[in-house]
Amino acid sequence: QVQLVESGGGLVQPGGSLRLSCAASGSISSIYTMGWYRQAPGKQRELVARITTGGSTNYANSVKGRFTISRDNAKNTVYLQMNSLKPDDTAVYYCNTYPTFRYYWGQGTQVTVSA
């Protein structure tokens, strides 16, 4: 059974950086377009960034120029480099395929941006 495990979250001050990792137990991350999603308290889950198998990327307007998604197919891992973090980036971050597959949702990793 394929599992996606997110890591790398934490507490960071505004303007700081974090790098999230999404490790897949199977090879799905090298087969499918992968995405990073986030859900803030009281809000719906939203797509933050996605990356195709060929490396093409797409970002939500709110994170363009600050976040970078990448993938290492050999390691079955997808990354999200987050720079210039803002309090509005506070959320639980998840990875999944794009479009999503409900059985791939993991526990996510909490990112809190606060002074």
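See the structure above.
What this report covers is the structure whose coordinates are included nearby. Note that the coordinates shown come from a computational prediction; the quantities given were computed from them, not determined experimentally.

## Quick word on the side chain of Ser21
Then step 1. Its place among the elements puts Ser21 in strand β3 (residues 18-24).
Then step 2. Residue classification places Ser21 among the buried positions, given a relative accessible area of 19%.
Then step 3. Contacts of Ser21, omitting those with residues within four sequence positions, involve Val5, Glu6, Ser7, Trp36, Thr77, Val78 and Tyr79.

## Observations regarding the state of the cysteines
Then step 1. Tallied over the entire structure, the rule returns one disulfide.
Then step 2. One disulfide bridge connects Cys22 with Cys95, the sulfur atoms lying 1.9 Å from each other. Across the disulfide from Cys22 to Cys95, rotation about the S-S bond amounts to roughly 60 degrees, and the bridge is consequently right-handed. Residue Cys22 is found in strand β3, and its partner Cys95 is found in strand β9 (residues 91-97); the two are separated by 73 residues along the sequence.

The rules behind these values
- Residues numbered from 1 in each chain as written.
- Predicted model: local features only at pLDDT ≥ 70, side-chain atom pairs only at ≥ 80, totals over all residues.
- Heavy atoms only, no water.
- Helix = DSSP H or I, 4+ residues; strand = E, 2+ residues; numbered from the N terminus.
- Buried < 20%, exposed > 50% of the residue type's maximum accessible area, 1.4 Å probe, protein only.
- Contact = heavy atoms within 4.5 Å.
- Disulfide = S-S within 2.5 Å.

That's the geometry; what it means functionally is another story.
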